Amino acid sequence: MSESSANAKGLRVAVVGATGLVGETMLSILAERKFPADKIHALASNRSVGRQVEYGLRSLPVDDLAAFDFSQADIALFSAGADVAREYAPRAAAAGCVVIDNSSGFRYQDDIPLIVPEINGTLLDDLPAGQGAIIANPNCSTIQMLMALQGIQQAVGIARINIATYQSVSGAGRSQLETLARQTASRLSFQNLDTEHNGEVAAFNVQPQIDALQDNGYSREEMKMLWETRKIFADQDIGVNATCVRVPVFFGHAMAIHIETRQAISVTEAGRVTEQTRGVILSADSTDWPTPVTHAAGKDDVYVGRLRKDLSHPNGINLWVVADNIRKGAALNAVQIAEYLLSSGRWPAQSSVSVEAAA
């Protein structure tokens, strides 16, 4: 199911970072899924005050985050970066608001749940009722990968994940979309590339590092996938070896995933348990393997193809996975967390969203 039930009085929702790619998509998804909101507050920095953002068929004025009273919101969806989240999310929670934060600001705190509703949404049942809280949204690549692997993890356990990601430029924000478009036009016109504002060449190029390098030689994006996988799967022994690459695609991340399972599993059984995960679509059609452009962009599901036995390891399985990084990788997952809270009765006077809809 894709829509929330709205047969009762709605909630007050704040979207922080409403003028960004993810913030705009959060607003769009809230409208699409008929989230039961009586009031939507679109918030951003004071530079954006007075702008209009779309919410379904309506336009909303953008208000100043710094001046907003979070006691006027029941739920706040944050997508404004870690520094902003660290400053304002605790204030919002102290005012009684439930914050769902898309940044990395709180993901690695033991007392903050890191949630993919289809995998570990039941952790939200432990949140104290009637109080504010902070809930973390995982990294887009982690969400996509674990959605694809959840069925196998539950069936036989996974000892090790070796992954190469091919990540679209939208993961770096609107400015990178504009850079790719501008550089592509220049390339096709045989003009020199404009790298004045961004020294990286995005068009027709592949960049083998995303985010800052750590002392161990891995990028922070790669380490996020290890840290977050262990937390979400509640398995501190699982190994994750990632190489994260930026590719000249506007929307949709792709992944080549190679796993080693704790117990043997056939390709047929791996496919069966994979497609049982809500929100995952398995393709066995070799004439229509999923790609970011043809399948993922603008869609809510995670697409899996090229499922096959690893010839180099007795317990090895290979998968190809694509998903829209802005939707399921960020905005949709945050809205689904809010839907889960509704379905579990956190605000029983407002809605009767089903658990199936929330997932």
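The shown structure was predicted, so the numbers you read here are calculated from the model rather than taken from an experiment.

S.K.: Give me the pairing of strand S8 (residues 158–167): which residues, what numbers.
M.R.: Here S8 runs beside strand S10 (residues 253–261); their pairing, made up of 8 bridges, is antiparallel. Bridging across to S10, Ile161 finds its partner in Ile259. For S8 and strand S9 (residues 239–246), the ladder comprises 8 bridges, and the chain directions are parallel. Note that in S9 the partner of Arg160 across the bridge is Gly239.

S.K.: Before we move on, could you go through the sheet that holds strand S11 (residues 280–282) and cite the residues and values that matter?
M.R.: The 6 strands lie next to each other as S9-S8-S10-S13-S12-S11, forming an open sheet whose pairing is mixed. The open sheet has two free edges, formed respectively by S9 and S11, since each of these has just one partner strand. When the angles between neighbouring strand axes are averaged without regard to direction, this sheet yields 20°. Where S10 lies against strand S13 (residues 316–323), 8 bridges are found, and the strand directions are antiparallel. Within S13, the residue paired with Ile259 across the bridge is Ile317. Packing against the sheet, helix H7 (residues 267–275) makes contact with S11, strand S12 (302–309) and S13, and its axis sits at approximately 170° to S12.

S.K.: Now, about the packing of aromatic side chains: what can you tell me, with residues and values included?
M.R.: If you walk through the whole model with that rule in mind, you get 4 aromatic pairs. Their ring planes at 20° and their centres at 6.0 Å tell us that Phe70 and Phe78 sit as a pair that is stacked. Accessibility assignment for this pair places Phe70 and Phe78 in one class, buried. Between Tyr108 and Trp227, the ring centres sit 5.2 Å apart and the planes meet at 75°, which makes this aromatic pair edge-to-face.

S.K.: If you had to explain the packing of helix H4 (residues 140–156) against H7 to someone new, which residues and values would you point to?
M.R.: Following both chains from N to C, one finds H4 and H7 inclined at 120°, their axes separated by 7 Å at the closest point. The chirality of how H4 crosses H7 is right-handed. When H4 is examined against H7, the residues Ala148, Gly151, Ile152 and Ala155 are found in contact with a partner set consisting of Ala270, Val273 and Thr274. Partitioned by chemical class, the residues of the contact of H4 with H7 number 5 nonpolar, 2 polar and no charged.

Cut-offs applied
Residues numbered from 1 in each chain as written. Predicted model: local features only at pLDDT ≥ 70, side-chain atom pairs only at ≥ 80, totals over all residues. Heavy atoms only, no water. Pairing = 2+ DSSP bridges. Helix = DSSP H or I, 4+ residues; strand = E, 2+ residues; numbered from the N terminus. Axes fitted to C-alpha atoms, helices over the stretch in contact; angles between N-to-C directions. Contact = heavy atoms within 4.5 Å. Phe/Tyr/Trp six-rings, centres within 6.5 Å; stacked < 30°, edge-to-face > 60°. Buried < 20%, exposed > 50% of the residue type's maximum accessible area, 1.4 Å probe, protein only. Left-handed = near helix turned anticlockwise from the far one by under 90°. Nonpolar A, V, L, I, M, F, W, Y, C, P; charged D, E, K, R; others polar.

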